[in-house]
Amino acid sequence: MTVNIHDLLEKVEKRLYIDGEWRAGSTGETFDVENPATGEIIATMASATSDDALAALDAADRAQREWARTSPRSRSDILRRGFDLVAARAEEFATLMTVEMGKPISEARSEVTYGNEYLRWFSEETVRHYGRFTTVPEGTLRMITTHKPVGPCLLITPWNFPLAMATRKVAPAIAAGCTMVLKPAKLTPLTVQYFAQTMIEAGVPSGVLNVVSSKSASSISSPLIADTRLRKVSFTGSTPVGRQLMKEAADNVLRTSMELGGNAPFIVFADADLDAAVDGAIAAKMRNIGEACTAANRIIVQESVVDEFATKLTEKISALKVGPGMDESTQVGPLVEAKAIDHMEALVADAVSRGARVLTGGERVGERGHFFAPTVLTDVSRDARVATEEIFGPIAPILTFTDEDDAWELANTTEYGLASYVFTSDTSRLFRASDNLEFGLVGFNSGVISNAAAPFGGVKQSGLGREGGAEGIEEYSTLQYIGVANPY
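Residues numbered from 1 in each chain as written. Predicted model: local features only at pLDDT ≥ 70, side-chain atom pairs only at ≥ 80, totals over all residues. Heavy atoms only, no water.

1. Some words on the overall build of the chain
Scanning the chain for helices and strands turns up 15 helices and 22 strands. A compact globule built from 488 residues should have a C-alpha radius of gyration of about 23 Å, and the chain, at 23 Å, falls within 12% of that. Dimensions along the principal axes, computed over C-alpha positions, put the chain at roughly 70 × 65 × 40 Å. Evaluated residue by residue, the chain yields a buried proportion of 56% over its 488 residues. Sequence-distant contacts, at least 24 apart, represent 73% of the contacts inside the chain between residues at least 6 apart. Approximately 18,900 Å² of the chain is accessible, and the part contributed by carbon and sulfur atoms is 50%. Across the chain, the mean location of the 47 positive side-chain charges is 6 Å away from that of the 64 negative side-chain charges. (Helix = DSSP H or I, 4+ residues; strand = E, 2+ residues; numbered from the N terminus. Rg over C-alpha atoms; globule rule 2.2 N^0.38 Å. Buried < 20%, exposed > 50% of the residue type's maximum accessible area, 1.4 Å probe, protein only. Contact = heavy atoms within 4.5 Å. Areas by Shrake-Rupley, 256 points an atom, 1.4 Å probe, with all protein chains shown as cover. Lys, Arg positive; Asp, Glu negative; His and termini not counted. Charge placed at Lys NZ, Arg CZ, Asp CG, Glu CD.)

Below you can see the structure in the form of structure tokens.
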């Protein structure tokens, strides 16, 4: 299917969606969306203000009681219709993501498939959100537990996976019976806007889903979090912003789900299949141009095989084609904005100043767009910035370890705890890895492990709560216990 980009951009709503109506922002302010491959402005969006955000919460609050009483099957059917519509518009969604975010079109198509699975998964979970019925041990009461929607939610999505992060939050909220105010990232709002249009067509009632794109995230989040009608915040983004949101949420004791930064170790033992480990490292590192919280941030290789591994990895990474995402042959697209290139250059310079060697890449590519060459660094110091900070780009730093205990210690030397990866032929290491690694996700001989059926989330400074899986709907539910006098 060939998509006319101009026609598609015309089709996508640029206004706010509040209480079942598309409307301009209250002050008429706007912001521009740029194509990172060219630097060209591709859309001008209405920018929501605090007043618009509160109007969206007004609508969500009014709709909450009736929406909570909607039958599980009705909510399930909406999600399933949404799944079918997104599948039918897959190429349009993929094109939007590539044009506004930069990822290669092949990866954008994969994101549509992955993100859409959250709609299907939670359409099925909606009707299976069971409570319990039993007798308390003393026999004096019958115990009933039931799940209730937590209430109006603020959902804040990031720019790097614009469809998948929206479906991962909206789908369980709908399943649980919650109303929503959805705030897309200002760098990539178009995909979310089109997703909202699709879910409205799928049957989401007025007031249940409200969308407030804005050039100022705090002008949306702060007044809503301060309002006692809001009952939950779900945020995906940086750890510093997440900390601030949690501080604000504490005043009203809001439920929070925080999916924050990462510094994933990719551990390669000497007994690993090195070819498989190299392929896994490329998948874990280069997916989404490295702009993923689950990206392999530190590639930690046992000393005895580091030279062979580095040679193989460099050969494959240096062969990756850099270019505009809409080119079918592109494997590495542009970074999302110009300052990301400056960040990559600073990280490489710091690593080299501490003794690292650049095996390939290490520099920006071209004069137009935000392109950076896929990079491999070796002899990386453990205190280099690429080892201690989240890279969020196509730089693969290689560090070494001596034995298993050293590997676990090095892997855990970070404030983050989201994703981790282990490659080895010793299957017994799986359980030792699980016991020793302080991360919410562990990939064992696999570089890509995200799935709608699996609980996604981290520990330490990587956040709170889980998205996806059977656990995902719990984040949008409260548990009520009913004690009934035993008639016997």
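2. Looking at the environment of Val376
Counting through the fold element by element, Val376 comes out in strand 17 (residues 375-378). Among the residues examined, Val376 registers a relative accessible area of 0% and is labelled buried. Along the sequence, Val376 and Pro397 sit 21 residues apart, while their C-alpha atoms lie 5.9 Å from each other. Filtering out sequence-adjacent residues up to four positions away, Val376 remains in contact with Leu313, Thr314, Ile317, Arg357, Val358, Leu359, Thr360, Ala396 and Ile398.

3. Overview of helix 6 (residues 162-176)
With 15 residues, helix 6 ought to run about 21 Å at 1.5 Å a step, and its terminal C-alpha atoms sit 22 Å apart, in line with that. Counting buried residues along helix 6, 15 of its 15 residues qualify, which places the element largely inside the surrounding structure. Where helix 6 ends, the next residue or the one after it, Gly177, has phi of about 95 degrees, a positive value. (Expected span 1.5 Å × (residues − 1).)

4. Re the packing of helix 4 (residues 90-101) against helix 7 (residues 190-202)
Between two packed helices, both the angle of their axes relative to each other and the distance between the axes serve to describe the pair. Remark: helix 4 packs on helix 7, axes separated minimally by 9 Å, with the N-to-C direction vectors making an angle of 155 degrees. The angle between the axes of helix 4 and helix 7 places the two elements in the roughly antiparallel class. The segment helix 4 lies against helix 7, with Glu92, Phe93, Leu96, Met97 and Glu100 engaging Leu190, Thr191, Tyr194, Phe195 and Thr198. Within the contact of helix 4 with helix 7, the residues separate by chemical class into six nonpolar, two polar and two charged. (Axes fitted to C-alpha atoms, helices over the stretch in contact; angles between N-to-C directions. Parallel < 35°, antiparallel > 145°, perpendicular 65-115°, else oblique. Nonpolar A, V, L, I, M, F, W, Y, C, P; charged D, E, K, R; others polar.)

5. Focus: the sheet that holds strand 18 (residues 395-401)
Strand order in the open sheet formed by seven strands is 14-17-18-13-12-19-20, with mixed pairing between adjacent strands. The open sheet has two edge strands, strand 14 (357-360) and strand 20 (441-444), and neither has a second partner. Strand-to-strand twist in this sheet, taken as the mean axis angle between neighbours without regard to direction, amounts to 25 degrees. Sheet topology note: the strand 14/strand 17 ladder contains three bridges and is antiparallel. Within the sheet, the bridge partner assigned to Arg357 lies in strand 17 and is Thr378. Along the sheet, helix 11 (residues 306-318) makes contact with strand 12 (264-268), strand 13 (296-302), strand 14, strand 17 and strand 18, crossing strand 18 at roughly 175 degrees. (Pairing = 2+ DSSP bridges.)

6. Things to note about the pattern of salt bridges
For the structure shown, the criterion picks out 32 salt bridges. Across the pair Lys316 and Asp279 runs a salt bridge, and its minimum N-O distance is 2.7 Å. Taken as a pair, Lys316 in helix 11 and Asp279 in helix 10 (residues 274-286) lie far apart in primary sequence, 37 residues in all. Notably, a salt bridge pairs Arg354 with Asp350, separated by 3.0 Å at the nearest N-O pair. By relative accessible area, which is 39% here, Arg354 ends up partly exposed. Through salt bridges that share partners, Asp271, Glu404, Asp426, Arg429 and Arg432 make up one connected network. (Salt bridge = Lys/Arg side-chain N within 4 Å of Asp/Glu carboxyl O.)

7. As for the sheet that holds strand 22 (residues 477-485)
With respect to topology, three strands assemble into an open sheet ordered 5-6-22, the strand pairing being antiparallel. Single-partner strands in this sheet number two, and they are strand 5 (132-135) and strand 22. Across the sheet, the mean angle from the axis of one strand to that of its neighbour is 20 degrees, orientation sign disregarded. Here strand 5 runs beside strand 6 (residues 141-149); their pairing, made up of four bridges, is antiparallel. Bridging from a neighbouring strand, Thr134 pairs with Met143 of strand 6.

8. Concerning the nonpolar core
Grouped together as the largest cluster of nonpolar side chains are 67 residues, with contacts concentrated most on Ile267, Phe309 and Leu313. No other element matches the seven residues that helix 10 contributes to this core. Dropping the residues within four chain positions of it, Phe309 is found in contact with Val268, Leu274, Ala277, Val278, Ala281, Ile299, Val301 and Ile398. Judged by nonpolar contacts, the second largest core, of 62 residues, contains Phe31, Ala43, Leu96 and Met97. (Core = buried A, V, L, I, M, F, W, Y, C linked by side-chain atoms within 4.5 Å.)

9. What to know about the packing of helix 6 against helix 7
Running from N to C, helix 6 and helix 7 cross one another at 35 degrees; their axes reach a closest spacing of 9 Å. The interaxial crossing formed by helix 6 with helix 7 has right-handed handedness. Residues Pro162, Leu163, Ala166, Thr167, Val170 and Ile174 of helix 6 lie in contact with helix 7, whose contacting residues are Thr191, Val192, Phe195 and Met199. Considered class by class, the residues forming the contact of helix 6 with helix 7 number eight nonpolar, two polar and no charged. (Left-handed = near helix turned anticlockwise from the far one by under 90°.)

10. Overview of the environment of Arg255
Here Arg255 lies in strand 11 (residues 255-259). You can call Arg255 partly exposed: its relative accessible area is 29%. As for Arg255 and Ile299, which are separated by 44 residues in sequence, their C-alpha atoms are 35 Å apart. What Arg255 contacts, discounting residues up to four positions off in sequence, is Val150, Arg231, Lys232, Val233, Glu474, Glu475, Tyr476, Ser477 and Thr478. Of note is the side chain of Arg255, whose polar atom sits 2.8 Å from the backbone oxygen of Glu474. (Polar contact = N/O pair within 3.5 Å; in protein donor to acceptor, adjacent residues only side chain to side chain.)

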